[in-house]
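Architecture at a glance
Chain residues, written in single-letter form:
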Amino acid sequence: ILSLLAVFLLTDTYGQCCSAGNPSGADGSVSGTRMKDLMVSSSFRHSLSNRYYHNSSPDTAQNIKRSFYNYQNLSIVYGLHHKFAVQTELGYFYDKVQELNLDGENLRLSAQGLGDFSLNLRYIPFFNVVPFSLLVVAGGIKIPIGDFEEEINGVTIPISLQPSSGAFKYNANIFYSRKDENS
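Here the residue index of a chain counts from 1 through its sequence in written order. Only residues with pLDDT of 70 or above have their local features reported here, since the model is predicted, and side-chain atom pairs are shown and tallied only from 80 upward, although totals for entire chains, interfaces and linings are computed over all residues. By convention in this description, side-chain values take in all heavy atoms of the structure and omit both hydrogens and water.

Observations regarding the confidence of the model for the protein
A score between 0 and 100, pLDDT records how confident the predictor is in each residue. In the predicted model, the protein carries a mean pLDDT of 81, and the fraction of residues at 70 or more is 85%. A helix here means a DSSP run of H or I that spans at least four residues, while a strand means a run of E at least two residues long, and both kinds are numbered starting from the N terminus. When pLDDT is averaged over each element of the protein, strand β5 (residues 84-102) comes out on top at 90 and strand β2 (residues 53-54) at the bottom at 72.

Structure representation (structure tokens):
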């Protein structure tokens, strides 16, 4: 764990996203769902980017003045067994926008539509009540079902504005929580 932490803390990373792809989904719960329990949740996300960087310095020559999206997701979790649950998630972009300034002309590019569909399985190999201790292992796939070739006036819009990422994604995660009796 310390080695992994050191890799993340000592490695320079540069990331700038102009609303690309779909927001990562999560229903906020990592605990198990009891057998035959159904949990339905929805969330709304607004993201705004109005500062851009080249490496770690502000990029003032950027043509994109700002970009933003408004996204709603629906998540459904169903308990197949007291140790297994299946989770699905689907989202919709109400709008995904980039405002540009090209040669002194202000342009607005936008798209909307379904995002990607995710299907995940959760397994709880270890759960203890006193002291509370929980280990959850999960994995799944994200499938591009939304539009990926949106056009404006016959021109395909940038990838960063497409409602779907256009790519299959696999994910795996592990979560461990422990709380002592006095907390």
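Okay, back to it.
Observations concerning the sheet that holds strand β4 (residues 64-79)
Strand pairing in a sheet takes place through backbone hydrogen bonds and is either antiparallel or parallel in direction. Whether two strands pair depends on DSSP finding at least two bridges between them. The strand order across the open sheet built from six strands is β1-β4-β5-β6-β7-β10, with neighbouring strands paired in antiparallel fashion. The open sheet has two edge strands with one neighbour each: β1 (38-49) and β10 (169-179). The sheet shows a mean angle of 20 degrees between the axes of neighbouring strands, taken without regard to direction. When β1 meets β4, the two strands line up antiparallel, connected through twelve bridges. For M39, the partnering residue across the bridge sits in β4 and is V77. Axes, fitted as lines to C-alpha atoms, cover a helix only where it is in contact. Angles between the N-to-C directions of the axes lie from 0 to 180 degrees.

Notes on the environment of D180
Positionally, D180 belongs in the segment after β10. Residues D180 and S133 lie 47 residues apart in sequence; the distance between their C-alpha atoms is 8.5 Å.

Details of the nonpolar core
Buried Ala, Val, Leu, Ile, Met, Phe, Trp, Tyr and Cys residues that are joined via side-chain atoms within 4.5 Å together make up what is termed a nonpolar core. Exposed residues in this analysis have more than 50% of their type's maximum accessible area, buried residues have under 20%, and partly exposed residues fall in between, with area computed by a 1.4 Å probe over protein chains only. One finds Y52, I64, L100, L109, A111, I157 and L161 forming the largest nonpolar core, which totals seven residues. Excluding its chain neighbours within four sequence positions, the residues that come into contact with L161 are K96, V97, Q98, L109, S110 and A111. Two residues qualify as a contact provided that any one of their heavy atoms is within 4.5 Å of a heavy atom in the partner residue.

Side note on the packing of aromatic side chains
Between the rings of Phe, Tyr and Trp (Trp by its six-membered ring), a pair exists once the centres lie within 6.5 Å; its type follows the angle of the planes, with under 30 degrees stacked, over 60 edge-to-face, and the other angles tilted. According to the stated counting rule, one finds five aromatic pairs in the structure shown. Seen from their ring centres, Y69 and F93 are 5.5 Å apart, and the 85 degrees between their planes marks the pair as edge-to-face. Here Y69, found in strand β4, pairs with F93, found in strand β5; they are 24 residues apart in sequence, far enough to count as distant. Looking at Y69, the relative accessible area reads 12%, which means it is buried. Owing to a relative accessible area of 0%, F93 belongs among the buried residues under this scheme. Grouped by ring-pair contacts, the aromatic residues F44, Y92 and Y94 constitute a single cluster. Sitting over a ring, as applied to charges here, requires NZ of Lys or CZ of Arg to be within 6 Å of the ring centre and within 35 degrees of the ring normal. Across the ring face of F93, the terminal group of K96 is positioned such that the distance to the ring centre comes to 4.3 Å.

Description of the pattern of salt bridges
Salt bridges are defined by distance alone: a side-chain nitrogen of Lys or Arg within 4 Å of a carboxyl oxygen of Asp or Glu. Summed over all chains, the structure comprises two salt bridges. Of the charged contacts in the structure, one is a salt bridge between R66 and E99, with a shortest N-O distance of 2.8 Å. Of this pair, R66 sits in strand β4 while E99 is found in strand β5, placing the two residues 33 residues apart along the sequence. Its salt-bridge partner being R108, residue E99 comes within 3.1 Å of it at the nearest N-O pair. A single network of salt bridges, built from pairs that share partners, joins R66, E99 and R108.

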